[in-house]
Amino acid sequence: MKNRRLLLAGHPNAEPTDDCFELALEETPELAFGEALVRVTHLSIDPAQRMWMNPGGVYDVGARIGAPMLSLGVGEVIGSRSDLYTVGDRVTGMLGWQDYAVIDAGDRRATPVTADVPGPAALGVFGMNGQTAYWGLLDVGRPVPGETVLVSAAAGATGSLVGQLARIAGAGRVVGLAGSEAKRAWITELGFDTAVDYRVADLPERLDTACPDGIDVYFDNVGGPLLDVVLPRLNIGGRIVLCGAISAYNDNSWGAGPAQYRQLIRKRGRMQGFIVMDYTARYPEALGRLRAWVGQGRLRHREDVVDGLDRAPEALRRVLRGDNLGKTIVAL
């Protein structure tokens, strides 16, 4: 069988363009003992992929020139010489931008996906985004019932889940930052008390109105100037969860740090970064609760599905620009 593979052709200096990738058509490899062949059905599109494209990558994960672009994915085992995988199994793992991927028991290991979980959900609410929202909010942010939780990129794959988890945790007020009217309408449907356009000139005043009792937990997916607007509004003992800094991902420099960081001293606040892979051993704990809440209708999710491997670069750009609603998936 022929395997279409979208290879990384060069490291971008800004937003990744189509010429950062190269489409290759190759024979699917013969399987060695211990390996299995997966037909990829869905690919996850995530902001972190832009960081993986830089030389050296990030978090010990990096895409290599001449290899398929790194991506989490879901697929079906169609051939196996492994005791771990049986033909017909559905699995998820780092499958890459390609039609077929080889998995094994080592670095290319994949995990089972049960028959009742659709592929897109396995990559979103029951995948990395669900785990990120769960551990980032509940273990790092630790909201207390009655507190105010503010979420940036609140209509994204992770932010939309964070706001709902804050409500489940008993937050007294949940506020989301989102850039379009459609996004703000959607997250209020999800249970956010209100949504604020972060692009307006009078954002500080609007935040004061939206969070009249200050901010106890800020889940930051964006970084940049927004963080400086939030810091003075942090309550005593407030917590800032540093999940991502998507506003700077297309800029390969580190940029300036927050000018208002001394507010953390005044407010006895805590600003903490986290990497979700640190919680790998505890993923089943979160997954059980996420599945229960989805089944009860307390946690809703939405997938933004793009068809075709060739549209993966476009889908990544849409995520980096914030043009997506919910989780972006490429269906093969």
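All values reported here derive from a predicted model rather than from experimental measurement.

Colleague: With reference to specific residues and values, describe the overall build of the chain.
Modeller: Counting secondary structure elements, the chain contains ten helices and 15 strands. Considered along the principal axes of its C-alpha atoms, the chain spans approximately 60 × 45 × 35 Å. Expressed as a percentage of contacts within the chain between residues at least 6 apart in sequence, the contacts between residues at least 24 apart total 69%. Surface exposure of the chain reaches about 14,900 Å², of which carbon and sulfur atoms provide 51%. Charge separation in the chain, taken as the distance between the mean sites of 35 positive and 39 negative side-chain charges, equals 5 Å.

Colleague: Explain the side chain of Asp 99 residue by residue, including any values.
Modeller: Mapped onto the elements of the fold, Asp 99 is located in the loop between β5 (90-94) and β6 (100-103). In this structure, Asp 99 is in contact with Asn 3, Arg 4, Val 38, Arg 39, Val 40, Leu 309 and Leu 332, ignoring residues within four places of it in sequence.

Colleague: Lay out the environment of Arg 268 in plain terms, naming residues and giving numbers.
Modeller: With respect to the helices and strands, the residue Arg 268 is situated in the loop between α8 (263-266) and β13 (270-273). When its relative accessible area of 61% is taken as the criterion, Arg 268 is described as exposed. Sequence separation between Arg 268 and Gly 130 is 138 residues; the distance between their C-alpha atoms is 29 Å. Excluding its chain neighbours within four sequence positions, the residues that come into contact with Arg 268 are Ile 236 and Gly 237.

Colleague: Report on helix α9 (residues 283-295), specifying residues and quantitative values.
Modeller: In this model, α9 (13 residues) spans 18 Å end to end at C-alpha, consistent with the 18 Å of a helix rising 1.5 Å per residue. Those residues of α9 that fall on the buried side of the exposure criterion are Tyr 283, Ala 286, Leu 290 and Trp 293. Looking down the long axis of α9, one finds its buried residues gathered within 100° of arc, a one-sided arrangement. Away from the buried face of α9 by more than 90 degrees, exposed residues Pro 284 and Gly 295 are located. In this structure, the buried residues of α9 make contact with α3 (128-141) and α4 (159-168).

Colleague: Describe in detail the state of the cysteines, supporting the description with residues and values.
Modeller: Enumeration according to the criterion identifies zero disulfides in this entry. Residue Cys 211 stays outside any disulfide, its sulfur separated by 19 Å from that of Cys 243, the closest cysteine. Classification of Cys 211 by relative accessible area gives buried; the value is 5%.

Colleague: Which residues make up the packing of α3 against α4, and what are the values?
Modeller: Put simply, α3 and α4 touch, their axes get as near as 9 Å, and they point 45° apart. Regarding the angle of α3 to α4, the classification is oblique. For the element pair α3 and α4, the recorded crossing hand is right-handed. Residues Asn 129, Gly 130, Ala 133, Tyr 134 and Leu 137 of α3 pack against Leu 161, Val 162, Leu 165 and Ala 166 of α4. Residues belonging to the contact of α3 with α4 are distributed by class as follows: seven nonpolar, two polar and no charged.

Colleague: Tell me about unusual backbone geometry, residues and numbers included.
Modeller: Positioned with a positive phi, Arg 142 is a non-glycine residue whose angle comes to about 45°. Relative to the assigned elements, Arg 142 resides in the loop between α3 and β8 (148-151). Of note, Ala 153 is a non-glycine position whose phi angle comes to about 50°, a positive value. Within the secondary structure, Ala 153 sits in the loop between β8 and α4.

Colleague: Talk me through the pattern of salt bridges; I want residue IDs and the actual numbers.
Modeller: Taken as a whole and assessed by the stated rule, the structure comprises 19 salt bridges. The partner of Arg 239 in a salt bridge is Glu 147, and the shortest N-O contact between them spans 2.7 Å. Of the two residues, Arg 239 sits in strand β12 (residues 234-242) while Glu 147 sits in the loop between α3 and β8, which places them 92 residues apart along the sequence. Relative accessible area serves as the criterion here: at 10%, Arg 239 is assigned to the buried category. Under the relative-accessibility criterion, Glu 147 is labelled buried at 14%. Salt-bridge contacts for Arg 318 lead to Asp 304; the nearest nitrogen and oxygen are separated by 3.0 Å.

Colleague: Describe the nonpolar core, listing the residues and the values that go with them.
Modeller: Phe 21, Trp 97, Ile 103, Leu 150, Leu 177, Leu 207 and Tyr 218 are the most contacted members of the largest nonpolar core, which has 53 residues in total. For this core, the element with the most residues is helix α10 (residues 312-321), which contributes five residues. With sequence-adjacent residues up to four places away left out, Leu 207 is seen in contact with Leu 150, Leu 177, Val 229, Val 230 and Arg 233. With 44 residues, the next largest nonpolar core counts Leu 161, Val 174, Ile 187 and Leu 290 among its residues.

Colleague: Help me get a handle on the environment of Arg 262, residues and values and all.
Modeller: Here Arg 262 shows up in the loop between β12 and α8. Through-space distance from the C-alpha of Arg 262 to that of Arg 321 is 30 Å; in sequence the pair is 59 residues apart.

About the criteria used
- Residues numbered from 1 in each chain as written.
- Predicted model: local features only at pLDDT ≥ 70, side-chain atom pairs only at ≥ 80, totals over all residues.
- Heavy atoms only, no water.
- Helix = DSSP H or I, 4+ residues; strand = E, 2+ residues; numbered from the N terminus.
- Contact = heavy atoms within 4.5 Å.
- Areas by Shrake-Rupley, 256 points an atom, 1.4 Å probe, with all protein chains shown as cover.
- Lys, Arg positive; Asp, Glu negative; His and termini not counted.
- Charge placed at Lys NZ, Arg CZ, Asp CG, Glu CD.
- Buried < 20%, exposed > 50% of the residue type's maximum accessible area, 1.4 Å probe, protein only.
- Expected span 1.5 Å × (residues − 1).
- Arc of directions from axis to C-beta.
- Disulfide = S-S within 2.5 Å.
- Axes fitted to C-alpha atoms, helices over the stretch in contact; angles between N-to-C directions.
- Parallel < 35°, antiparallel > 145°, perpendicular 65-115°, else oblique.
- Left-handed = near helix turned anticlockwise from the far one by under 90°.
- Nonpolar A, V, L, I, M, F, W, Y, C, P; charged D, E, K, R; others polar.
- Salt bridge = Lys/Arg side-chain N within 4 Å of Asp/Glu carboxyl O.
- Core = buried A, V, L, I, M, F, W, Y, C linked by side-chain atoms within 4.5 Å.

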